[in-house]
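Remarks on the overall topology
So the chains spell out like this:
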Amino acid sequence: MSENDEAAQPQPEAVTRACRKCSAVSTTEGAFCPQCGTPFMRGQNKKGRRRLVALVAAILVLALAGGGAAYAFKEKSDRDAAAAQADRERAAKRADDAKRAERQEYVKFLEQTITKDAKKDYDPDGLIDKKVKETSCTATGGGSVDDLTALTGTFECIAAHTIKDGTMTGFRYSGTIDWNTGDVTWKLGG
């Protein structure tokens, strides 16, 4: 570079400054006190600190928001799991109720079949000497319609007829129901 080129370039201006730390007065082009090295410009460090503090605060806010989102996601996931479990329990209860209703129908079928058989076997001089009106069966020895673990149900049944005073009496039958197939068997007596 030539002397003309150096003169053409702007030179930093020498300024008289007082150091805020050591109170030395100097005419310098630099940004620091030549005596103690303290920067003449205060705002630069504070701006840098403010930016750092703002950055750290932003990171913390994002981290907390992320943690809150994760907590909200887990909470929603827990609610969804509880709702799914409740749905499964309701479905299982409906299935059990449907099995019980089906078994109740099998019991009605057993009662109707015994009534029909007793009416067919009616003979005034025979074993069934009264006209049977209806049959009622009660579970004995387990296997009721409510015990869904039982494979069969055993029943004591009465094929009833009305006597003169309006009360009912009847003939004793025993019956068995296979809950899986719906097959019914019965016999007169116990």
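Residues numbered from 1 in each chain as written. Predicted model: local features only at pLDDT ≥ 70, side-chain atom pairs only at ≥ 80, totals over all residues. Heavy atoms only, no water.

A word on the nonpolar core. Of all hydrophobic cores here, the largest spans 18 residues; its most connected members are Leu110, Phe155, Tyr173, Ile177 and Trp179. Only helix H2 (43–120), strand S4 (152–162) and strand S5 (168–178) provide two or more residues apiece to this core. No other element matches H2, which puts five residues into this core. In contact with Leu110, other than residues within four places in its own chain, are Cys137, Phe155, Cys157, Gly175, Ile177, Val184, Thr185 and Trp186. (Core = buried A, V, L, I, M, F, W, Y, C linked by side-chain atoms within 4.5 Å. Buried < 20%, exposed > 50% of the residue type's maximum accessible area, 1.4 Å probe, protein only. Helix = DSSP H or I, 4+ residues; strand = E, 2+ residues; numbered from the N terminus. Contact = heavy atoms within 4.5 Å.)

You can see Ser26 is positioned in strand S2 (residues 25–28). With a relative accessible area of 15%, Ser26 lands in the buried category. Sequence-distant contacts of Ser26, defined by excluding residues within four places in its chain, comprise Val15, Thr16, Arg17, Pro34 and Phe40.

Attention shifts here to the sheet that holds strand S3 (residues 134–140). Strands sit in the order S3-S4-S5-S6 across an open sheet of four strands; the sheet is antiparallel. Either end of the sheet is taken by a strand with one partner, and the two such strands are S3 and strand S6 (184–188). On average, each strand axis in the sheet is tilted by 30 degrees relative to the strand beside it, whichever way the strands run. Relative to S4, S3 runs antiparallel, the two sharing seven bridges. Residue pairing in the sheet places Glu134 in a bridge with Ala160 of S4. (Pairing = 2+ DSSP bridges. Axes fitted to C-alpha atoms, helices over the stretch in contact; angles between N-to-C directions.)

Take the pairing of S6 next. Regular strands place their side chains on alternate faces of the sheet. Relative to S6, S5 runs antiparallel, the two sharing five bridges. From the neighbouring strand, Thr176 faces S6, where its bridge partner is Thr185. Between S5 and S6, which pair antiparallel and follow one another directly, the connecting turn spans five residues, one of which, Gly182, has a positive phi of 85 degrees.

Spatial relationships are all this shows, so hold off on functional conclusions.
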